[in-house]
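Residues per chain, in single letters:
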Amino acid sequence: MKKFFILSILALTVLTSCDRTVDLAIDNPTKFELEITVDTLRVMVPPKDVVWVEMGPGEHQLTLENDSIIKFNFQESVYMINASQSEYLVSTEYYGTHPYENPMYPGMKNPLSKEVTFLGFPLEGEYEVITDVINKVTWDYGPRESLPEMIEMDASDSYDTLKKVYDPREFMDMLQSAYDTYEE
């Protein structure tokens, strides 16, 4: 009976460990097709598109177009691969009453705010600039995904946040749209 119990636990461990996968979102914000090799799998990523690759956790090798080789131990469930080595902007978007813009406390500074430079533009706010090739996904909306205009919140909450990643073209389009709206 003890032998059966140990074998059952061993079988359960093997089965549950096999179910775990790692998803790679290989993003290409450029206007040119991009090639990357994941281990031995050659992946062509169309311009302004994302190609998903599923693999098991553990060490894998990425080979970029410039023949750079990156070995990485993938343990999280989702990563964004920045094969073009572009700059991306991660922005925290507030829905509801922003806790640091309370009229009862004028001049209250957001402790999470910092100054960053993105595409040569100085920005101050809850931003982060991504330039690494391998990035663990910690955001809610990726490049070229639209943020919702409204979200559902619990009645007890005064605000909620979503994190959004902007690629360079998307950011420039957003600036142009804001400028066009301002001029009208």
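Residues numbered from 1 in each chain as written. Predicted model: local features only at pLDDT ≥ 70, side-chain atom pairs only at ≥ 80, totals over all residues. Heavy atoms only, no water.

> Before we move on, could you go through the layout of surface pockets and cite the residues and values that matter?
Estimates place the volume of the second largest pocket at around 220 Å³. Ala 25, Trp 52, Gly 142, Pro 143 and Glu 145 are the residues nearest the centre of the second largest pocket, which is lined by 13 residues in total. Those elements giving two or more residues to the lining of the second largest pocket turn out to be strand S1 (22–28), strand S4 (49–55) and strand S7 (78–82). Residue composition of the lining of the second largest pocket, by class: nine nonpolar, one polar and three charged. (1 Å grid on protein atoms, 1.4 Å probe; cavity = no way out; pocket = protein on both sides within 12 Å on 5 of 7 lines; lining within 4 Å. Points joined across faces, edges and corners; volume = space filled by probe spheres on them. Helix = DSSP H or I, 4+ residues; strand = E, 2+ residues; numbered from the N terminus. Nonpolar A, V, L, I, M, F, W, Y, C, P; charged D, E, K, R; others polar.)

> Tell me what's going on with the pattern of salt bridges, and back it up with residues and numbers.
All chains considered together, the criterion is met by five salt bridges. For the salt bridge of Asp 27 with Arg 144, the shortest nitrogen-to-oxygen distance reads 2.2 Å. Placement of Asp 27 in strand S1 and of Arg 144 in the loop between strand S12 (134–136) and strand S13 (159–166) is noted, with a sequence separation of 117 residues between them. Since its relative accessible area comes to 30%, Arg 144 is described here as partly exposed. Residue Arg 169 is joined to Asp 173 by a salt bridge in which the shortest nitrogen-to-oxygen separation is 3.2 Å. In this pair, Arg 169 and Asp 173 both sit in helix H2 (residues 168–183), four residues apart, roughly one turn of the helix. The class for Arg 169 is partly exposed, based on a relative accessible area of 44%. Connected through shared salt-bridge partners, Asp 27, Arg 144 and Asp 167 make up one network. (Salt bridge = Lys/Arg side-chain N within 4 Å of Asp/Glu carboxyl O. Buried < 20%, exposed > 50% of the residue type's maximum accessible area, 1.4 Å probe, protein only.)

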